[in-house]
Amino acid sequence: MALPRAARTQRRTRIQEAKEEQILEAALEVFSLHGFRGATVDQIAEVAGMSKPNLLYYFRTKEAMHRALITRVLDTWLDPLREFDAEGNPVSEIRSYIRRKLEMARDFPRESRLFANEILQGAPNIEDELKGPLKSLVDEKAEVIRVWAKAGKIAKCDPYHLIFSIWSTTQHYADFDVQVRAVLGQDQAGDGRFEDAARFLEQLFLTGLHVSEQPA
């Protein structure tokens, strides 16, 4: 990951760190609304409440800001999968993974849209991470699912498509939030929609995998 210019100085102050976070927060807002191509440094500077020259002291280019954000988002996005425990109970592990992914959809919708936009554009900033660390992690967790299936704890399934399906169904509630709320209507479009979604997806996946309730 390319560090902001201020991060490469010998003594990085708290003010510098705060300014970088201020800029990245503004960049996240602009990128999530307009995408990388539609966003400009001037827009980001305006949202950050600072001059363009001041912003460019910390991040020389729009690409540098986007790269810093997308790398951070990818790392955060993978945390729930890293916690997928081979020694755990399949019911508890799958249920926890679904719920954590939905919590992220609820709490980090801008980050989800930023990541989705990056993928739709061909992942120019994170292709190496997708083919490297991401693939390695998914391979590792796919083997966990295979072991569970071989032990008869869940039905046989393609572990990669199971993971892909959980990603797509949970992130839908962030990436297509406007559509979800419009279709559900005012009475069902509150924060409770995430709990409703969690219960439904638990039923969908756990029933589909023929996982019987086991003691945790």
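Residue numbers here run from 1 along each chain, matching the order of that chain's written sequence. For a predicted model such as this one, the threshold for reporting local features is a pLDDT of at least 70, and the threshold for listing and counting side-chain atom pairs is 80 or more; totals across whole chains, interfaces and linings nevertheless cover every residue. Water and hydrogen atoms were dropped before computing side-chain values, which therefore reflect all heavy atoms in the structure.

Quick notes on the UniProt feature "domain: HTH tetR-type" (unreviewed entry) in the chain
(1) Moving on: UniProt positions are given in the numbering used here, feature names are shortened, and annotations may be inferred rather than shown by experiment. According to UniProt, the "domain: HTH tetR-type" (unreviewed entry) feature falls on residues 17-77.
(2) Moving on: Measuring from the first to the last C-alpha atom of residues 17-77 gives 23 Å, for a span that is 87% helix and 0% strand. By the criteria applied, helices consist of DSSP H or I runs no shorter than four residues and strands consist of E runs no shorter than two, each listed in order from the N terminus.

A word on empty space enclosed by the protein
Empty space left among the atoms is revealed by rolling a probe the size of a water molecule over them.
(1) Moving on: The distinction between a cavity and a pocket rests on a 1 Å grid over the protein atoms alone: a 1.4 Å probe fits inside a cavity but cannot get out, while a pocket stays open yet meets protein on both sides within 12 Å along at least five of seven lines, and a residue with an atom within 4 Å of a point counts as lining. Grid points are joined across faces, edges and corners, and a volume is the space filled by probe spheres set on the points. Under the defined criterion, the tally for this structure stands at two cavities of 30 Å³ or more.
(2) Moving on: In this structure, the largest cavity occupies an estimated 50 Å³ of space.
(3) Moving on: The wall of the largest cavity is formed by Leu81, Phe84, Tyr97, Lys141, Ile145, Leu162, Ile163 and Ile166.
(4) Moving on: When residues of the lining of the largest cavity are traced back to their parent elements, those giving at least two are helix H7 (127-150) and helix H8 (159-175).
(5) Moving on: With three residues, the top contributor of residues to the lining of the largest cavity is H8.
(6) Moving on: What lines the second largest cavity is Phe31, Gly35, Phe36, His66, Leu114, Asn117, Glu118 and Gln121.
(7) Moving on: All residues other than Ala, Val, Leu, Ile, Met, Phe, Trp, Tyr, Cys, Pro, Asp, Glu, Lys and Arg, Gly among them, are scored as polar; the first ten of these are nonpolar and the last four charged. For the lining of the second largest cavity, the residue count by class is three nonpolar, four polar and one charged.

As for the layout of surface pockets
(1) Moving on: By volume, the largest pocket is sized at about 450 Å³.
(2) Moving on: Lining the largest pocket are 18 residues; nearest its centre among them are Phe115, Ala116, Ile119, Gln171 and Asp175.
(3) Moving on: Elements with a contribution of two residues or more to the lining of the largest pocket: helix H4 (62-82), helix H5 (90-107), helix H6 (109-120) and H8.
(4) Moving on: Of the residues forming the lining of the largest pocket, the biggest block, six residues, is contributed by H6.

Let's talk about the pattern of salt bridges
(1) Moving on: Here, a salt bridge means any side-chain nitrogen of Lys or Arg that lies within 4 Å of a carboxyl oxygen of Asp or Glu. Counting across every chain of the model gives 20 salt bridges.
(2) Moving on: Here glutamate 195 ties to arginine 99 by a salt bridge, and the two come within 2.9 Å at their closest N and O atoms. On the criterion of sequence distance, the pair formed by glutamate 195 in helix H10 (residues 192-208) and arginine 99 in helix H5 is long-range, its members being 96 residues apart.
(3) Moving on: Given a relative accessible area of 32%, glutamate 195 falls into the partly exposed group.
(4) Moving on: Here arginine 106 ties to aspartate 107 by a salt bridge, and the two come within 2.8 Å at their closest N and O atoms.
(5) Moving on: Taken together, the shared-partner salt bridges connect Arg95, Arg99, Glu195, Asp196, Arg199 and Glu202 into one network. Relative accessibility under 20% of the residue-type maximum defines a buried residue, over 50% an exposed one, and the middle range a partly exposed one, all with a 1.4 Å probe and only protein chains included.

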